[in-house]
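# Close look at the chain arrangement
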Amino acid sequence: MRVQWATLARYAEAESETGLMTLVGAGTEVFRMRSLPDRLATYLALQLRYAEAEADHEYLATFTVRDPDPQPIGRSLEVRFAPTLNPLHAPGWEASFSIAGARSFAVGAAGTYSIGINVAGAHAAEIPFRIAELD
Amino acid sequence: MSSKRAGEKQPSGARHGLTVVLDLTGGRTFVIERPHEIFAALAEIARNDEKRSDGR
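Scope of this entry: the structure provided in the associated data block. (Residues numbered from 1 in each chain as written. Chains lettered and ligands numbered in written order. Predicted model: local features only at pLDDT ≥ 70, side-chain atom pairs only at ≥ 80, totals over all residues.)

Secondary structure assignment for chain B yields 1 helix and 2 strands. Each helix and strand of chain B, placed in order from N terminus to C terminus, yields the pattern β-β-α. Taking all 56 residues of chain B together, 32% fall into the buried category. Considering only residue pairs separated by 6 or more positions, chain B has 27% of its internal contacts joining residues 24 or more positions apart. (Helix = DSSP H or I, 4+ residues; strand = E, 2+ residues; numbered from the N terminus. Buried ≥ 20, exposed ≤ 12 C-beta atoms within 10 Å, placed from the backbone. Contact = placed C-beta atoms within 7 Å.)

This part covers the pairing of strand β2 (residues 11–14) of chain A. Every regular strand shows the same layout, with side chains that alternate between the two sheet faces. One ladder, built from 4 bridges, connects β2(A) with strand β3 (residues 21–24) of chain A; its direction is antiparallel. Counted as the bridge partner of A:E13 is A:T22 from β3(A). (Pairing = 2+ DSSP bridges.)

Here we take up the interface of chain B and chain A. Contacts between the two partners involve 23 residues from chain B, matched on the other side by 35 residues from chain A. Of all elements in the fold, only β1 (17–23) and α1 (36–54) of chain B reach the threshold of two or more residues within the side of chain B that touches chain A. Here the side of chain B that touches chain A gets 6 residues from one element, more than from any other, and that element is β1(B). Residue classes in the side of chain B that touches chain A are distributed as 12 nonpolar, 9 polar and 2 charged. (Nonpolar A, V, L, I, M, F, W, Y, C, P; charged D, E, K, R; others polar.)

Moving on: the sheet that holds strand β1 (residues 2–9) of chain A. Pairing is mixed in the open sheet, where 5 strands are placed in the order β1(A)-β5(A)-β8(A)-β1(B)-β2(B). Edge positions in the sheet fall to β1 of chain A together with β2 (28–32) of chain B, since each of these pairs with one other strand and no more. Strand-to-strand twist in this sheet, taken as the mean axis angle between neighbours without regard to direction, amounts to 20°. Where β1(B) meets β2(B), 5 bridges bridge the pair, whose relative direction is antiparallel. Looking across to β2(B), one finds that B:V20 is bridged to B:V31. (Axes fitted to C-alpha atoms, helices over the stretch in contact; angles between N-to-C directions.)

Shown next as structure tokens:
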């Protein structure tokens, strides 16, 4: 199981039946806040790739958001999922599973934050993002 | 409210994809069945965070 790509976005959702994702503003890196402290709502999207033999098993993805210090903001959150092969899956090819996540949290200071993603107990991706205060 | 609320059930019945809302301060993960539930979950998280900060 590996992360093929992961990004922040202005909006993201994933369909459970198809794995298709709807992304708006993918690649967002900087969030400009009118003033601080304020509340930030943002989205992340990741596409996982896995071997056929890994289908039909339960996996755990863990998300940890860190502030500029870098200390965790709140708790690490776990998402459990059990991917299944598409009936039209091409034998011998990797399969995919999509996860979209929204999060909203209080931001106290400008700086570089990050969201770390662990999949199946291993560090899989780190997405940095900046919070800037408008002058 | 007629729509089904987002729940914390895990794992979900998702086979190929999953949409979640992450409540960092509350330590909860909402599994989203329908896209409009995202905004309800985000609003609930904001309300709860506000209550927590008022209670400090």
